[in-house]
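# Overview (structure and organization)
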Amino acid sequence: MGDDGFFEVAGRQRACRVFLTDPVPEELIERLLSTAVCAPSAENGQPWEFVVVRDAALRLAIGELTARAWEGGARQFSEDRLPPGLLADVDAGARGGLAGAPVLVVVCGNLDRGLEITLASSLLPAVQSLLLGATALGLGSALTTLTTLHAGELAALLALPPHVRPVAVVPLGRPARALGPPHRRPFTEVTHRDRFGTPW
């Protein structure tokens, strides 16, 4: 990939919440995970653990936890803050779209290899690598932490030991529809020269 290739991929990466049921080949999953573990982490602790869930019953159970978290207050919290189109998209994902992905990668933090206070800053670069890699390979993906509102139940489903905490769920699969470009503010609206308030 040339210099432009990375920027092209980064410029079209966006959340996918509804997936086709086509299986994702194992070699693509391995390629994504081998890229994810190249991410930086606090003190180079590399505290990530990835549970790749393809079992249909487990995906359904994780989907039910996600839907319960959404219906249990997350949707109400989001209703007044999200535009109707985005709310409908998130609604479809939380109510089954994400669990309909053929692969769910549950990203966890291992407290034996990282401090609790630095888990998020260590794991999120690895998640971003997963998301960008999925886009480069023509897969849809998303980052959700909604399921972790029921972290204890999620940990039990996946037989996680006490020192391994679920932090995020990343669904992977072929998008059910074309995603189109992401809608983002231009960087000039959020960038300042030397001090806040001085335009770029």
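The following refers to the structure shown. (Residues numbered from 1 in each chain as written. Predicted model: local features only at pLDDT ≥ 70, side-chain atom pairs only at ≥ 80, totals over all residues. Heavy atoms only, no water.)

For the rest of this paragraph, the subject is the overall build of the protein. A count of helices and strands for the protein gives six helices and four strands. A compact globule built from 200 residues should have a C-alpha radius of gyration of about 16 Å, and the protein, at 17 Å, falls within 12% of that. For the protein, the residues scored as buried account for 41% of the 200 residues in total. The contacts of the protein with a sequence gap of at least 6 include a subset with a gap of at least 24, amounting to 81%. For the protein, the exposed surface amounts to about 11200 Å²; the carbon and sulfur share of it is 56%. Where the 18 positive side-chain charges of the protein centre and where its 21 negative ones centre are 5 Å apart. (Helix = DSSP H or I, 4+ residues; strand = E, 2+ residues; numbered from the N terminus. Rg over C-alpha atoms; globule rule 2.2 N^0.38 Å. Buried < 20%, exposed > 50% of the residue type's maximum accessible area, 1.4 Å probe, protein only. Contact = heavy atoms within 4.5 Å. Areas by Shrake-Rupley, 256 points an atom, 1.4 Å probe, with all protein chains shown as cover. Lys, Arg positive; Asp, Glu negative; His and termini not counted. Charge placed at Lys NZ, Arg CZ, Asp CG, Glu CD.)

What follows deals with a nonpolar patch on the surface. Residues F187, V190 and W200 make up a contiguous nonpolar surface patch of about 350 Å² in total accessible area. Among the secondary structure elements, F187 is positioned in the segment after strand 4 (164–173). (Patch = residues over 30% accessible without salt bridge, like charges linked within 9 Å, V, L, I, M, F, W, Y side chains within 5 Å. Salt bridge = Lys/Arg side-chain N within 4 Å of Asp/Glu carboxyl O.)

With that out of the way, let us pick up the side chain of T144. As for its placement among the helices and strands, T144 is situated in the loop between strand 3 (140–141) and helix 6 (151–157). In this structure T144 comes out as buried when scored by relative accessible area, which is 12%. One polar contact links the side chain of T144 to the main-chain amide nitrogen of L146, over a distance of 3.1 Å. Setting aside residues up to four positions removed in sequence, T144 forms contacts with L98, A168 and V169. (Polar contact = N/O pair within 3.5 Å; in protein donor to acceptor, adjacent residues only side chain to side chain.)

Two elements in contact, helix 2 (residues 26–36) and helix 5 (residues 119–136), have axes separated by 8 Å at closest approach and are oriented at 140 degrees. The crossing of helix 2 and helix 5 is right-handed. Residues L32, L33, T35 and A36 of helix 2 touch helix 5, and the partners they reach there are A126, S129, L130, G133 and A134. Its residues assigned to classes, the contact of helix 2 with helix 5 comprises six nonpolar, three polar and no charged. (Axes fitted to C-alpha atoms, helices over the stretch in contact; angles between N-to-C directions. Left-handed = near helix turned anticlockwise from the far one by under 90°. Nonpolar A, V, L, I, M, F, W, Y, C, P; charged D, E, K, R; others polar.)

Turning next to unusual backbone geometry. Here A159, not a glycine, exhibits a phi torsion of approximately 55 degrees, which is positive. Tracing the backbone shows A159 in the loop between helix 6 and strand 4. The backbone of D194 shows a phi angle near 65 degrees, a positive value even though the residue is not glycine. Position of D194 among the secondary structure elements: in the segment after strand 4.

Taken together, the buried positions of helix 2 are L28, I29, L32, L33 and A36. Projected down its long axis, helix 2 shows its buried positions confined to an angular sector of 130 degrees, all on one face. Among the exposed residues of helix 2, those pointing more than 90 degrees away from its buried face are E27 and R31. For helix 2, the secondary structure elements touched by its buried residues are strand 1 (48–53), strand 2 (103–110), helix 5 and strand 4. (Arc of directions from axis to C-beta.)

The next thing to look at is the environment of R12. Locating R12 in the fold gives a position in helix 1 (residues 3–12). When neighbours within four sequence positions are excluded, R12 is seen to be in contact with T135, A136 and P182.

The four strands are arranged 1-2-4-3 in an open sheet whose pairing can be described as antiparallel. Two strands bound the open sheet, and with one partner strand each, they are strand 1 and strand 3. Note: strand 1 against strand 2, six bridges, orientation antiparallel. For V52, the partnering residue across the bridge sits in strand 2 and is V105. Running at roughly 165 degrees to strand 1, helix 2 makes contact with strand 1, strand 2 and strand 4 of the sheet. Of the strands in this sheet, strand 1, strand 2, strand 3 and strand 4 touch helix 5, which is tilted by about 155 degrees from strand 2. (Pairing = 2+ DSSP bridges.)

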